[in-house]
Amino acid sequence: MEPMTIREILAVTGGRMLGEFDNLDRPVSRVETDSRTIHPGSLFIPLAGERFDGHAYINAALEGGAAGCFTQRERESYLPGKFYIKVPNTSRALRDLAKHYRKKYNIPVVAITGSVGKTTTKDMVAAVLGEKYRVLKTEGNLNNDIGVPMTLLRLNREHQIAVLELGMNHAGEIDYLSDLVEPDLALITNIGDSHIEFFGSREKILEAKSEIFHHAKPDCVAILNGDDPLLRTLAPLPFPTVWCGAGADNDYRATEIRSDGGSHMFCRARTPRLECEVEIPALGEHMVYPTLMALAVGEHFGLTQEEMVRGVRHFAPTKMRMNILHRGEDITILNDTYNANPQSMRAAVEVLSSSRSPYKVAVLGDMFELGPLAPALHAGVGEYLGKAGVDCLVAVGELARHIGDAAQKSGVPECYYCRSKEEAKPVLAKVLRPHATVLVKASRGMAFEELVDYLKSVTSEG
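Residues numbered from 1 in each chain as written. Predicted model: local features only at pLDDT ≥ 70, side-chain atom pairs only at ≥ 80, totals over all residues. Heavy atoms only, no water.

Caption draft 1: Representation of empty space enclosed by the protein. Within the structure shown, the criterion is met by one cavity of 30 Å³ or more. Of the volumes computed, that of the largest cavity is approximately 30 Å³. Lining the largest cavity we find Gly 114, Ser 115, Lys 118, Met 168, Ser 194, His 195, Ile 205 and Lys 209. The residue makeup of the lining of the largest cavity, split by class, is two nonpolar, four polar and two charged. (1 Å grid on protein atoms, 1.4 Å probe; cavity = no way out; pocket = protein on both sides within 12 Å on 5 of 7 lines; lining within 4 Å. Points joined across faces, edges and corners; volume = space filled by probe spheres on them. Nonpolar A, V, L, I, M, F, W, Y, C, P; charged D, E, K, R; others polar.)

Below, the structure is given as C-alpha cells:
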C-alpha cells in the first residue's frame, strides 16, 4: 500500500480524532485487521461480527506496533503516541478507504463471480495476464466485504491489472462489492445451488450474481459461461457479451477435450482470432471454462497466442483446490477440500472417474447452506457415484448419510458411512491399497484437510 496521511484517512472515512494525538500528516502504509500479525506503523481496523468484536484487541494491536486504529466508540484511556479515529462503522470505513485508494490507480479491473469455479477462474485469468502484465489478484478466497477491500489496499504503482473474485451468500453483497471495484470486465462462471438455502431458487441466485453489472464501467465487457442455460437468459445485456463453452454457439469454444489420465487436460480452443491446442495443468472437463474465459480476457488485453497458451500452462490452483498428491505405491490423493456444493462435487467425481486408477475411492462429506433441498442434493451426488464407476465411498457427516444411501442403491460396490472424521480414519486405513486414487471433498466447515493429512501419514512419499 502506498502511504496515506491520517488527514487523508479522516477525510475519506468522515472520522474524527480521539485522544491527544495531533500529527495529521503522519503517513500510514499498511492496514491490518488481525491483532496477532501486526506490523510496525500500521492502521489496525477492529471488525465487529455476531460472534466477535475486534475492539477487544485494540490495545494488543497498538502495543504490538500498530501506529493507530479505527474505533466505533470512545475509549476509557488512550495510549500515548498512538492515534485513534472514531468512525460510525469500522467495516464501512475499511470499504470507504479501499474505494478511495482504488481510484488512485487507473488500471482495469477484471471481476469474477459465480456459483462454482470463481477461484480457479481467477487463478487462470491471472496466470494468463501475468505473461504480459503485472497483476494484482485476490489471494486465496478473500472475496467478501473484508477480503476485497483488503486486496485493493495491496495495490501499488507496479500493478497494471487487477483480477478480483467477488463472493456472496446473500442478496445485495455482489452489488456492494461491484460498487467498490467498478469492473471493466465482468465474468460469471455459472449458476448452481451454492447458498440456495438463502435464496430458494437458482433464478434468485442468478439475480444476485447479476449484481456484478450494477456498477460496471459503461464500456464493460461481460464474459459468461455460454453452456449455462440460466446465464443465457441474461441476453441481451447492455454490454458487449462474450460466451464461452463447449457448445457450438459460443464465441470461445473448446473441442477435442481429453485427459492424459495423470495430471493434465488438453483441448482445441477456437476463438474469434485463433485456433490452437491448449494444455491445462489440471484435471476435469470443467477446466475448459476457466481456460476459455482466460483466453477471452487475454485477447481483450492484446496477448498473443503464445503468451496465452504459455499462461495456461503456468496455471497453479489455490491450495486445497483439486491439488494432486502423488504418494508411494502409486497412490494418488485428490485434495479438493476447500469447499463443496452439488455442482463442484459432480465435477470432482468426474475427475476421479476419469483417472486410470484401477481402484477409485471417494471420501465425501456434508455440503452446507442447501436448506430443505439438502437431502435430495446429497442423494443426487450418491446416484452420480454409481454412474461414474466409483469403486468405494466413505461418506462422513450427518448429511453425507444421504450420499451413502443413494450410492449403495446406484451400485457402488463398497459403501461406508462414518459419523465423524475420527470414525473415518480406520476405515480409510482399511480401504487404502496400492494403485488407488482417493478424492477427498466436503464443505469448508467439515475441515476435510484433516483426512488428507491422515492419508499422507499412512502412505509413503511418492
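Caption draft 2: Local environment of the side chain of Lys 209. Within the secondary structure layout, Lys 209 lies in helix H8 (residues 202–209). As a buried residue without a salt bridge, Lys 209 has its nearest oppositely charged side chain in Glu 173, at a separation of 8.2 Å. For Lys 209, the side chain forms a polar contact with the main-chain oxygen of Gly 114, separated by 3.0 Å. The residues touching Lys 209, leaving out its near neighbours within four places in the chain, are Thr 113, Gly 114, Ser 115, Lys 118, Met 168, Ile 174, Ile 188 and Ile 191. (Helix = DSSP H or I, 4+ residues; strand = E, 2+ residues; numbered from the N terminus. Buried < 20%, exposed > 50% of the residue type's maximum accessible area, 1.4 Å probe, protein only. Lys, Arg positive; Asp, Glu negative; His and termini not counted. Salt bridge = Lys/Arg side-chain N within 4 Å of Asp/Glu carboxyl O. Polar contact = N/O pair within 3.5 Å; in protein donor to acceptor, adjacent residues only side chain to side chain. Contact = heavy atoms within 4.5 Å.)

Caption draft 3: Focus on the sheet that holds strand E22 (residues 436–441). Strand order in the open sheet formed by six strands is E17-E18-E22-E19-E20-E21, with mixed pairing between adjacent strands. Of all the strands in the sheet, just strand E17 (323–327) and strand E21 (414–418) have a single pairing partner and so form its edges. Each adjacent strand pair in this sheet contributes to an overall mean axis angle of 15°, direction not counted. Both strand E18 (residues 331–335) and E22 contribute to a ladder of four bridges, which runs parallel. Bridged to Ile 333 within E22 is Val 438. (Pairing = 2+ DSSP bridges. Axes fitted to C-alpha atoms, helices over the stretch in contact; angles between N-to-C directions.)

Caption draft 4: Representation of the UniProt feature "binding site: ATP" (unreviewed entry) in the protein. What UniProt calls "binding site: ATP" (unreviewed entry) maps, in this numbering, to Gly 114, Ser 115, Val 116, Gly 117, Lys 118, Thr 119 and Thr 120. Checking the named residues against the largest cavity, the ones that line it are Gly 114, Ser 115 and Lys 118. Residue position: Gly 114 is located in the loop between strand E8 (109–113) and helix H4 (118–129). Turning to its location among the elements, Val 116 is positioned in the loop between E8 and H4. (UniProt positions renumbered as here; feature names shortened; annotations may be inferred.)

Caption draft 5: Focus on the UniProt feature "domain: Mur ligase C-terminal" (unreviewed entry) in the protein. The feature "domain: Mur ligase C-terminal" (unreviewed entry), as given by UniProt, occupies residues 320–444 in the numbering adopted here. A helix fraction of 38% and a strand fraction of 26% characterise residues 320–444, whose end C-alpha atoms lie 10 Å from each other.

Caption draft 6: Region of the structure containing the layout of surface pockets. Considering only enclosed or pocket space, the second largest pocket measures out at about 560 Å³ in volume. Considering the residues around the second largest pocket, the lining is formed by Thr 33, Leu 47, Ala 48, Gly 49, Glu 50, Arg 51, Phe 52, Ser 91, Asn 144, Asp 145 and Ile 146. Across the lining of the second largest pocket, the residue classes break down as four nonpolar, four polar and three charged.

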